Amino acid sequence: MTLADAVLRPALLACTLTGLLAGLSGCELSQSATGDNPVPPVAKLAVPFCLNDQCGVVDQDGKVLVPFGKAGAYTTGKFDRYVIDSGGNWNLRMLDGKVLGQYPGTIRFLGHGLFAIAEDDESYRLFTADGKPISDEIYADIFRGGADEYLVYQQNGRQGLLDLQGKPLTAPEFDSIASSNEHSLASLGGLVLAEKSGKSWLINSKTGKSWAVDFDDMDPIRDGVLLVKRQPTEAQPETLYGLINAEGKLVVPLAPRRLGQPANGLLAFHTKDDERCGYLDFQGKEVIPPRFTSCEPFGKQFAFARHPDNGKYGLIKRDGNWQGAQEWDYVYGAGYNRIGGYDDSPGLATAFKGQTVFDYAITLFDTDSGQPLTRGEGYIAMGTLGADLLTFSTKDAPAGRHGGAEDGIAVPGMGLMDRTEKVLVKSEGYAHFWADPTGTLLTAATPDGLTHVFNRQGRRLTLIAAPELQVRKDLGVFFTYDQEDGASRDSMAQRFQAIRGVYALDGRQLLMVRNLPCGAQQLLNARNEPIWPEKADSYCPL
């Protein structure tokens, strides 16, 4: 019996139930291009794989470049070169085997091909992707910052910033510099928070200038401004909120009143008792008095607010007057996330009618024009995926499960449609649809723990068991990773060792690790033929 019969219907005839039960990490579903858009060619690759406690390097066609053995094998992220642990030295080699450099000590991969070598625990030197030292500078520590957009270095117990060419942006003068990848540097307007002598500082990564500030947290830039906060302390038990412009200048002073997301020149503010809300402009001037009990972000002309008497939501205009009746029970953002919640999506909102779970209807609104974008009835979940697609669920859809069949959380089963409400993928138990950061591919999980990969036209391309996916349009491929290792940004070496598959952007399998029932693993080529080990039984754990 085929997997098509068991799970995926006739479109997936290439995947067998036997393969699924054996732990197959991926199944080829499409040999053709991804629909209307041309697919870039697959580049020549050197891909490290580690399985059965051994590592090797293979090219995109499955040719073994470095035989599997106990030595570690890594990539710098360029994938036209690789690093091998060779008897205590690190060898940087090109695809053709040419050695670019040999390095003793500890290696740390920093993204964009950069790496650092430490001959002892506190003497890192920075190297280019070609294996050449960037400078003679020695760093006590060095690590990635933001979404791999800058480097944080340490000298004499203090930290500073480097750009991706190794050029110092600041002197080593800070006690700590924010390095979280929760928000990209670009989304923060190039501003980086730091701490010095017990105070918060703000660094402009474009100019290297820094100055002391009174806040210690900030949200991504919206409409040219950033919402900032100062977290509670013993001396100041309340959270303070304010607003800065793109240059980092405070334009709305910090105060103990909650502020909403800035949008189209206005942002919601809440009274100190949090019972009423209104709107300020970006200079802190009150534009709409606090006469509502909930205030959503403004589009170009309208925003949703809740009436204090009837408890219902309706649209208000920029002068604070109502636009029509208040008839909605709840209003949230329009970005439907992986766990069934709603995130802010500028210019859009989801409005709910109904009082109980799975007993309500949703309409997607354009708050720029105040008009509904969806006309259909019976939607119980909805969200945007970029400017062209919507993910949705209906009352009769099979439920999805976030986190797997046994201990996952039940969520509405999602489907995919375009902005005209043309259904591209029926809601058949998918826990969510999620776009990769480049927006090229979509993934959707099913209760069996598998992940389906779609293009933006709704064509199902392949099926993978490794849940994390990284698109590399420059290489014409996407990689899949084990979640527990792939999610760890602190060790790029572990991330690259956790590669479980390589696929062309039209879904064709190039390389894939299969998990066998006995616990051994086997690397397969595009034809599902074993690359290594040829016979995996001897690698089954005792």
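Analysis parameters
- Residues numbered from 1 in each chain as written.
- Predicted model: local features only at pLDDT ≥ 70, side-chain atom pairs only at ≥ 80, totals over all residues.
- Heavy atoms only, no water.
- Pairing = 2+ DSSP bridges.
- Helix = DSSP H or I, 4+ residues; strand = E, 2+ residues; numbered from the N terminus.
- Axes fitted to C-alpha atoms, helices over the stretch in contact; angles between N-to-C directions.
- Disulfide = S-S within 2.5 Å.
- Buried < 20%, exposed > 50% of the residue type's maximum accessible area, 1.4 Å probe, protein only.
- 1 Å grid on protein atoms, 1.4 Å probe; cavity = no way out; pocket = protein on both sides within 12 Å on 5 of 7 lines; lining within 4 Å.
- Points joined across faces, edges and corners; volume = space filled by probe spheres on them.
- Nonpolar A, V, L, I, M, F, W, Y, C, P; charged D, E, K, R; others polar.
- Salt bridge = Lys/Arg side-chain N within 4 Å of Asp/Glu carboxyl O.
- Phe/Tyr/Trp six-rings, centres within 6.5 Å; stacked < 30°, edge-to-face > 60°.
- Lys NZ or Arg CZ within 6 Å of the ring centre and 35° of its normal.
- pLDDT = per-residue confidence, 0-100.
- Contact = heavy atoms within 4.5 Å.
- Core = buried A, V, L, I, M, F, W, Y, C linked by side-chain atoms within 4.5 Å.
- Polar contact = N/O pair within 3.5 Å; in protein donor to acceptor, adjacent residues only side chain to side chain.

The strand order across the open sheet formed by six strands is E46-E47-E48-E49-E50-E51, and the pairing between neighbours is antiparallel. Every other strand in the sheet has two partners, leaving strand E46 (468-472) and strand E51 (530-532) as the edge strands with one partner each. Each neighbouring strand pair of the sheet contributes to a mean axis angle of 30 degrees, computed without reference to strand direction. Note: strand E50 (residues 521-524) against E51, two bridges, orientation antiparallel. Counterpart to Leu524 in the pairing with E51 is Pro530.

Scanning the model with the defined rule gives three disulfides in all. Here Cys277 is linked by a disulfide to Cys295, with a sulfur-sulfur distance of 2.1 Å. Around the S-S axis, the bridge from Cys277 to Cys295 shows a dihedral of about 95 degrees and counts as right-handed. Here Cys277, found in strand E24 (residues 277-281), pairs with Cys295, found in strand E26 (residues 294-295); they are 18 residues apart in sequence, far enough to count as distant.

Okay, unusual backbone geometry next. Cis geometry marks the peptide bond from Trp532 to Pro533, where omega comes out at -15 degrees. The topology assignment puts Pro533 in the segment after E51. Despite not being glycine, Asn52 shows a phi value in the positive range, around 55 degrees. Of note, Asn52 is situated in the loop between strand E2 (46-51) and strand E3 (54-59). Here Asn52 falls in the buried class, since its relative accessible area comes to 14%.

Let us look at the layout of surface pockets. Estimated volume of the second largest pocket: approximately 410 Å³. Surrounding the second largest pocket, 25 residues form its lining, Gln261, Glu296, Pro297, Asp344 and Ser345 being those nearest its centre. Of all the elements in the fold, those that place two or more residues in the lining of the second largest pocket are strand E32 (342-343) and strand E33 (348-356). A breakdown of the residues in the lining of the second largest pocket according to their chemical character gives 12 nonpolar, eight polar and five charged.

All told, the structure shown has 16 salt bridges when counted by the stated rule. Salt-bridge contacts for Asp80 lead to Arg81; the nearest nitrogen and oxygen are separated by 2.7 Å. Exposure remark for Asp80: the relative accessible area of 25% places this residue in the partly exposed category. When salt bridges with common partners are traced through the structure, they connect Asp80, Arg81 and Asp130 into a single cluster.

Let us look at the packing of aromatic side chains. On inspection of all chains with the given rule, the structure shows 21 aromatic pairs. Ring geometry for Tyr332 against Phe352: centres 5.4 Å apart, planes inclined by 85 degrees, an arrangement best described as edge-to-face. Remark: Phe352 occurs in strand E33 and Tyr332 occurs in strand E30 (residues 330-332); sequence separation between them is 20 residues. Put simply, the rings of Phe68, Trp532 and Tyr539 pair up and form one aromatic cluster. One cation-aromatic arrangement involves Lys196 over Trp201; the distance from NZ or CZ to the ring centre is 3.7 Å. Its end group placed over the ring of Phe269, Arg257 keeps NZ or CZ at 5.6 Å from the ring centre.

This part is about the confidence of the model for the chain. When pLDDT is averaged along the chain, the result is 86; 87% of the residues meet or exceed 70. In the model, residues 1-35 has pLDDT below 50 throughout and makes 92 contacts with residues more than four positions away in sequence or in other chains. Scored below 50 in pLDDT, residues 484-494 shows 26 contacts in the model against residues more than four places distant or in partner chains.

Counting 25 residues, the largest nonpolar core has Ile362, Met382, Leu416, Phe433, Leu442 and Phe454 as its most contacted members. At the level of elements, E33, strand E34 (359-366), strand E36 (379-385), strand E37 (389-394), strand E40 (414-418), strand E41 (423-430) and strand E43 (441-445) are the ones that each hand at least two residues to this core. For this core, the element with the most residues is E36, which contributes five residues. Aside from chain neighbours lying at most four places away, what touches Phe433 is Leu385, Thr391, Met414, Gly415, Leu416, Val425, Leu442, Thr443, Ala444 and Phe454. In terms of nonpolar packing, the next biggest core, distinct from the first, is built from 19 residues, Leu45, Leu475, Val502 and Leu511 among them.

On to the sheet that holds strand E29 (residues 322-328), then. The four strands lie next to each other as E26-E27-E28-E29, forming an open sheet whose pairing is antiparallel. Edge positions in the sheet fall to E26 and E29, since each of these pairs with one other strand and no more. Sheet analysis places E26 next to strand E27 (residues 302-306), joined by two bridges and oriented antiparallel. For Cys295, the partnering residue across the bridge sits in E27 and is Ala305.

If a strand is regular, its side chains alternate between the two faces of the sheet. Among the five residues in strand E45 (residues 460-464), five count as buried, and that is most of the element. Bridge analysis of strand E44 (residues 451-455) against E45 gives four bridges, and the strand direction is antiparallel. By the bridge assignment, Phe454 is partnered in E45 with Arg460. Connecting E44 to the antiparallel partner E45 that follows it, the hairpin turn spans four residues, and Gly458 within it adopts a positive phi of roughly 85 degrees.

Moving on to the environment of Glu327. Summarising the element assignment, Glu327 is placed in strand E29. Sequence-wise, Glu327 and Lys353 are 26 residues apart; in three dimensions their C-alpha atoms are separated by 7.6 Å. Excluding its chain neighbours within four sequence positions, the residues that come into contact with Glu327 are Lys312, Tyr313 and Lys353. A polar atom in the side chain of Glu327 sits 2.9 Å from the side chain of Lys353.

We now examine the side chain of Thr451. As for its placement among the helices and strands, Thr451 is situated in strand E44. Classification of Thr451 as buried rests on a relative accessible area of 7%. Every residue in contact with Thr451, bar those within four places of it in the chain, is listed here: Thr443, Ala444, Ala445, Thr462, Leu463, Ile464 and Pro467.

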